[in-house]
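The residues making up each chain are set out below.
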Amino acid sequence: MFTPEEPPKACRDCAGVHYYRPSSTLDQSPPLTPALSRQGRGGEKGQGRGQSEGTSGGAARLAPEASAGRSHLSSDRRVNLARALIERNRSAKALKILRPLALNHPDQTDVKFLLGLAASRWSQARGLTDEEREALLDEAIAAFRSILIRRPDLVRVRLELALAFYFKEEDNLAREHFERALVGKPPEALVANVTRLLKVIRARRRWDAWFGFSLAPDTNINAASDAEFIYINGLPFRRGAQGRASSDIGVVGWGGGEYQYPLAEHWRLRSGLNVNHREYKGNRWDQTFLAGYVGPRWLITRDTEMSLLATASQRWWGGSSLNYDYGARLEVEHRVFAGFRLNARAQWSDRKFQQQKFLEGPLMVFSLGARYVLFPTVQVNALVGYQQQDAVSHAWSSAGYWTRMGTNVALPWGFTVGLSAEFRWTDFESGWFPFVPDNSAREDRTRILGVTLLNRAITMFGFSPQVAFSNQVRESNAQLFDFQRNLVEMRWVRQF
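Remember, predicted model here, so these are calculated numbers, not experimental data.

A. Geometry of the side chain of Glu 331. For Glu 331, the position within the fold is in strand β10 (residues 320-337). For Glu 331, the side chain forms a polar contact with the side chain of Arg 345, separated by 3.3 Å. Contacts of Glu 331, omitting those with residues within four sequence positions, involve Arg 270, Glu 305, Met 306, Ser 307, Leu 309, Ala 344 and Arg 345.

B. Representation of helix α3 (residues 109-122) within the structure. For α3, spanning 14 residues, the distance from its first C-alpha to its last is 20 Å, which sits close to the expected 20 Å at 1.5 Å a residue. A large share of α3 lies buried, amounting to 14 of its 14 residues.

C. Local environment of helix α4 (residues 130-150). End to end, α4 covers 31 Å across 21 residues, agreeing with the expected 30 Å (1.5 Å per residue, within 8%). Inspection of α4 places Arg 133, Leu 136, Leu 137, Ala 140, Ile 141, Ala 143, Phe 144, Arg 145, Ile 147, Leu 148 and Ile 149 among the buried residues, and these make up the whole buried set. Looking at the packing, one finds that the buried side of α4 touches α2 (91-104), α3, α5 (155-168) and β17 (463-476).

D. Looking closely at unusual backbone geometry. Cis geometry marks the peptide bond from Phe 433 to Pro 434; its omega dihedral reads 5 degrees. The phi dihedral of Asn 233 falls on the positive side, at around 55 degrees, and the residue is not glycine. With phi around 65 degrees, Trp 413 is a residue other than glycine that occupies positive phi space. On the basis of relative accessible area, Trp 413 is assigned to the exposed category, the value being 56%.

E. Representation of the pattern of salt bridges within the structure. Summed over all chains, the structure comprises 34 salt bridges. In this structure, the salt-bridge partner of Arg 180 is Glu 176, at a minimum N-O distance of 2.7 Å. With Arg 180 and Glu 176 both in helix α6 (residues 171-183) and four residues apart, the pair spans about one turn of that helix. On the basis of relative accessible area, Arg 180 is assigned to the buried category, the value being 9%. Residues Arg 270 and Glu 258 are paired through a salt bridge, measuring 2.8 Å at the closest nitrogen-oxygen approach. Placement of Arg 270 in strand β7 (residues 267-279) and of Glu 258 in strand β6 (residues 248-264) is noted, with a sequence separation of twelve residues between them. Summarising the burial analysis for this pair, Arg 270 and Glu 258 share the class buried. Here the residues in one salt-bridge network are Arg 175, Glu 176, Glu 179, Arg 180, Arg 302, Asp 303, Glu 333, Arg 335, Arg 341 and Arg 371, joined through shared partners.

F. Inspection of the packing of aromatic side chains at higher detail. In the structure shown here, the tally under the stated rule is 17 aromatic pairs. Grouping aromatic residues by their ring pairs yields a cluster made of Phe 358, Trp 396, Phe 428, Trp 432, Phe 435 and Phe 481. Directly above the aromatic system of Trp 432 lies the positively charged group of Arg 442, at a separation of 4.9 Å from the ring centroid.

So, how was this worked out
Residues numbered from 1 in each chain as written. Predicted model: local features only at pLDDT ≥ 70, side-chain atom pairs only at ≥ 80, totals over all residues. Heavy atoms only, no water. Helix = DSSP H or I, 4+ residues; strand = E, 2+ residues; numbered from the N terminus. Polar contact = N/O pair within 3.5 Å; in protein donor to acceptor, adjacent residues only side chain to side chain. Contact = heavy atoms within 4.5 Å. Expected span 1.5 Å × (residues − 1). Buried < 20%, exposed > 50% of the residue type's maximum accessible area, 1.4 Å probe, protein only. Salt bridge = Lys/Arg side-chain N within 4 Å of Asp/Glu carboxyl O. Phe/Tyr/Trp six-rings, centres within 6.5 Å; stacked < 30°, edge-to-face > 60°. Lys NZ or Arg CZ within 6 Å of the ring centre and 35° of its normal.

Given below as structure tokens:
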């Protein structure tokens, strides 16, 4: 038994969590210098993995001693002992101390942080089975996550959460949290290590998958006008109820996956499939969308990549085939700096209809988007685009612009709030009598406002409930083409 060193004073503005100064000793295990793959584990059993080639680093530490009245920090000397054990790569012994402390003092930030740190480091020891490794990483993720629910601004905790996801090879979540943490300006040694890990994530990416479901009460499932009359040459004609707005509660499910096969050092072959289905009572308004793609991905530089994909999609409406598309899509993504990414898309496709042949024709879509993490807890995004649709029927040919802006903010106590606004301007060709009395062009203006509310503290199998509300209004100079729609979705989404 050794006597642990006297702990430093607590960091007063970060719940007791702060950084080590870079260490010159090599027998300590820096928290952001993991091996870069599951092969080549180094060290003795019970020790952490060796440092990856070319990785240098600053270790990080927790300052757990509390000032008077700080209940989230522990004054128990066993916590100091556990910290010292972790520093000496004896994380298994530290876990034996910390697990009962975490049960007895669930509100103490430093106990949960050290528990997560010990579990994450011990998961990289030799001799563990895959099941044991996964269990330790899940324990670490749960510990870090419980801290971020109350304090989403703690950069150090977010870094360790990202690293646990990295070890678990859940790379999308790891990248998301690494980039958010970088915006919090951690020490330079950690920035260098995180940058290397992001490079590894980008290079080793193979599988990606997603799925979800929701209940969706909808006041206008067919996006139809609720106008009672249509006027032709000044005379009113009453519409039948069949074509007017209809409301219902739907069940929505979506999912998909992608695989990237390595062709060369900087080349991958991407292939993917995604599906979305919306089910209502009966099947009149049921909607299904299925899309697939395949093509090369080129890792041009560390921060820039490009993909050229062949695409195909099929859409069903009311249980019957509506239309299908085939074409090509060019995607470019560039990381400007930590937390700021640009992406551009250009797509061409030929659209064919099963019955409505007058709508067939080529479709071109161009878009430019940006995502900016202002702070570890605040993200904003924006998108602008242009679309041109040619059709056999001249009147249905159109050109349009759109822009979308949004933000999401992580708040204390597990709440995340999202806001978004989208505006679309679509102009058709002339020939719209009797919908436009003078037979001129149809002009649509659409506004979509959205709000989402999520509580990260509520989880089931890694998913959290989210409520999303959308208000859609389309104004048109053509009769029967304006509508209003309110859509509520109660979703289950993956968090952390």
